[in-house]
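Take a look at the letters that make up each chain.
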Number of protein chains: 2
Amino acid sequence: MAEDAPAARTPNDIVAAAPAADWKQIAPSDLLVMDLAPSADGKPRRVVIQLIPAPFSQGWVGNIRKLVAARWYDGIAVVRVQDNYVVQWGDPEGENPTKAKPLPKGLVAVDERDYVASGALDIGKYVWGGSGRKPAEGDVGVTRPDSFRPSMIFSDPYAQLYAFADGIPVAVQLGTPAGSGAQRYSVQNAWPTHCYGMVGVGRNNSPDTGTGAELYAVIGHAPRQLDRNVAIVGRVISGMENLSALPRGMGDIGFYKSPQERVAIRSVRMGNEVTGLPGYQYLSTDSDSFAAYVDKRANRQDDFYVHPAGGVDACNVPVPIREAAQ
Amino acid sequence: MAEDAPAARTPNDIVAAAPAADWKQIAPSDLLVMDLAPSADGKPRRVVIQLIPAPFSQGWVGNIRKLVAARWYDGIAVVRVQDNYVVQWGDPEGENPTKAKPLPKGLVAVDERDYVASGALDIGKYVWGGSGRKPAEGDVGVTRPDSFRPSMIFSDPYAQLYAFADGIPVAVQLGTPAGSGAQRYSVQNAWPTHCYGMVGVGRNNSPDTGTGAELYAVIGHAPRQLDRNVAIVGRVISGMENLSALPRGMGDIGFYKSPQERVAIRSVRMGNEVTGLPGYQYLSTDSDSFAAYVDKRANRQDDFYVHPAGGVDACNVPVPIREAAQ
């Protein structure tokens, strides 16, 4: 990790060396603090979720804020844990019209079109994607959305390319090339991707889009087939192991077979309602530190790694999070 | 699922309808049966691992057979559970020269070059990969390794393309185009990919390649940076939840902090040594059923899915497994 041997740096080294200016504070009012019932041996189980920022999924995010304000989530439960897929929580009686917990007034029905953010989007400084060519010096993580060069190895099997928008991994569809000389593109559509730890909105069959009363977190390999088919409303930034290590449900698609297996949710609060909550920061995905981190995720070369991968997929770049003073 | 509405079929429908001839029996002598100590509530915890077939990693597979024959694994433990990464098991005293369990004689030191299988490889009938174009009818899953058309959406951010070799997901590097007319390629190199549930060989820094005495299974998003850097020796085909739902280790890189947290491994036997073991079959990755399954994993279109993904990555195509008579 010597300064004169940058090739041997690891992704963690780059994160550790990132200057303070490259970290962004997450507003406590954008955090959900979900306290599960303590574990069998009495340990508290807290999960902290960052709500997704605009322009993504804001109709559902608004509903979730109303559900928290109404204390609606207090007393619901984790009802489903499907291995290599999702942990899901909601009203265990939600499908029973006589026993379902009434939803608060004022929730909105969001349109399916809102799975995708459209139009001239500012999706951040760095965009990755392209055709599979081995990158040349200066290729990696150096493009802006309005000057995309389709020449990198960060291809996305589910979209034209990927980027990070305010810390969120997003898939990108480009508009018609514009301008002269080198091909220049604008971003036409972008949508958040179902990476490990992302939180989405359970729903019934289309055209239902869900309210936000039923939520899930991804606990396996990224199920990207869900992109543009369900709303992503945030990501777990602390306590992921309190969801991912839960016993798997042995019923159909991972539902718990008996009520006794369910894990009670004691309360869900906004971060600004919780005394003593640490502050949380993410490594700005517009920063040069993040670009170097992505590059190193794609090209490990140190005492352990024999063969740099030469590429990396959108969901194999976990956005670094750290605790910090509020 | 009506016969006249094939567009609404799900991947599971295709698997359920696959003819018997499309399923391949896994020889019990190619299975590792690992019995962990029972859970706190007395439930047995069995994990069944299929060893990887030739031409991949056979030096390490040979070592593992010797370690089983010597009963060397009996009494070791799960020592590390890192969220979204790996569960690892081995000799807890393996790093302690005076307390380490002696390895049996006859283990071989395998060369790093054996992370990759080279030469004229038969990697099966179906190969996916390419440049990102939306596929035309007939494009999907119709190519042979010797007639690859680089025109599909199944791109791999870590290699030129991917395929399945005898049920194992592999990344592929092509040789120089040969032949006339449409571009024709041969397979030059192929290597198994670190998908969810794959089992690899723990090792020290390069050039050490590990013996097989320390193993791990992937329990999160595919850490493909490990491809060509560690040997993959198999995949979990039953009992994955007995590894993936273990409590996470809170020490450095997920090691358990105290010996009490470790999970004892009672025994590891070859499948043909275990009375009453079910037979296991995988859906032949050379079959038309598998090609239809991959296509449907890439293009979900049913009552739930609004927007077919239009692509799928190598690790988001779990190879179907079923129990069957031996």
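Residues numbered from 1 in each chain as written. Chains lettered and ligands numbered in written order. Predicted model: local features only at pLDDT ≥ 70, side-chain atom pairs only at ≥ 80, totals over all residues.

Visitor: What am I meant to see in the overall build of chain A here?
Guide: The helix and strand inventory of chain A stands at 4 helices and 16 strands. Looking at chain A alone, contacts between residues at least 24 apart form 68% of all its contacts between residues at least 6 apart. (Helix = DSSP H or I, 4+ residues; strand = E, 2+ residues; numbered from the N terminus. Contact = placed C-beta atoms within 7 Å.)

Visitor: Help me out: how do you make sense of the relation of the copies chain A and chain B in this one?
Guide: Between the two chain copies there is a screw-like relation: a rotation about an axis and a shift along it. In screw terms, the move from chain A to chain B is a rotation of 180° and a rise of 0.0 Å along the axis, fitting with an RMSD of 0.0 Å. Read as a symmetry element, the transformation amounts to a two-fold axis. Mapped onto chain B, 100% of the interface residues of chain A are again interface residues, and the two copies thus contact each other with one and the same surface. (Least-squares fit on C-alpha atoms with pLDDT ≥ 70 in both.)

Visitor: Would you mind going over helix H2 (residues 58-69) of chain B with me for this structure?
Guide: All names here are of chain B. Here H2 is 12 residues long and its end C-alpha atoms lie 16 Å apart, about the 16 Å a rise of 1.5 Å per residue gives. Restricting attention to buried positions, one finds in H2 the residues Trp 60, Val 61, Asn 63, Ile 64, Leu 67 and Val 68. Taken down its axis, H2 places every buried residue within 155° of arc, on the same side. Taken together, the buried residues of H2 touch strand S2 (31-36), strand S3 (45-51), strand S11 (198-201), strand S13 (232-238) and strand S14 (263-270). Just past H2, the residue Arg 71 takes up positive phi, approximately 60°. (Expected span 1.5 Å × (residues − 1). Buried ≥ 20, exposed ≤ 12 C-beta atoms within 10 Å, placed from the backbone. Arc of directions from axis to C-beta.)

Visitor: Mind showing me how you'd approach the environment of Val 306 of chain B here?
Guide: Along the chain, Val 306 of chain B turns up in the loop between helix H4 (288-298) and strand S16 (321-324). Once residues lying within four places of it in the same chain are set aside, the contact partners of Val 306 of chain B are Glu 112, Ser 206, Arg 228 and Asn 229 of chain A.

Visitor: Please clarify how the sheet that holds strand S1 (residues 23-25) of chain B should be interpreted in this entry.
Guide: As a general point, the strands of a sheet are linked pairwise by backbone hydrogen bonds and lie either parallel or antiparallel. All names here are of chain B. On the basis of which strands lie adjacent, the open sheet formed by 3 strands has the order S1-S15-S16 and antiparallel pairing. The open sheet has two edge strands with one neighbour each: S1 and S16. Each strand axis lies, on average, 35° off the axis of its neighbour in the sheet, ignoring direction. In the sheet, S1 pairs with strand S15 (residues 279-283) via 3 bridges, with the strands oriented antiparallel. The residue of S15 that forms the bridge with Gln 25 is Gln 281. (Pairing = 2+ DSSP bridges. Axes fitted to C-alpha atoms, helices over the stretch in contact; angles between N-to-C directions.)

Nothing here speaks to function; it is all geometry.
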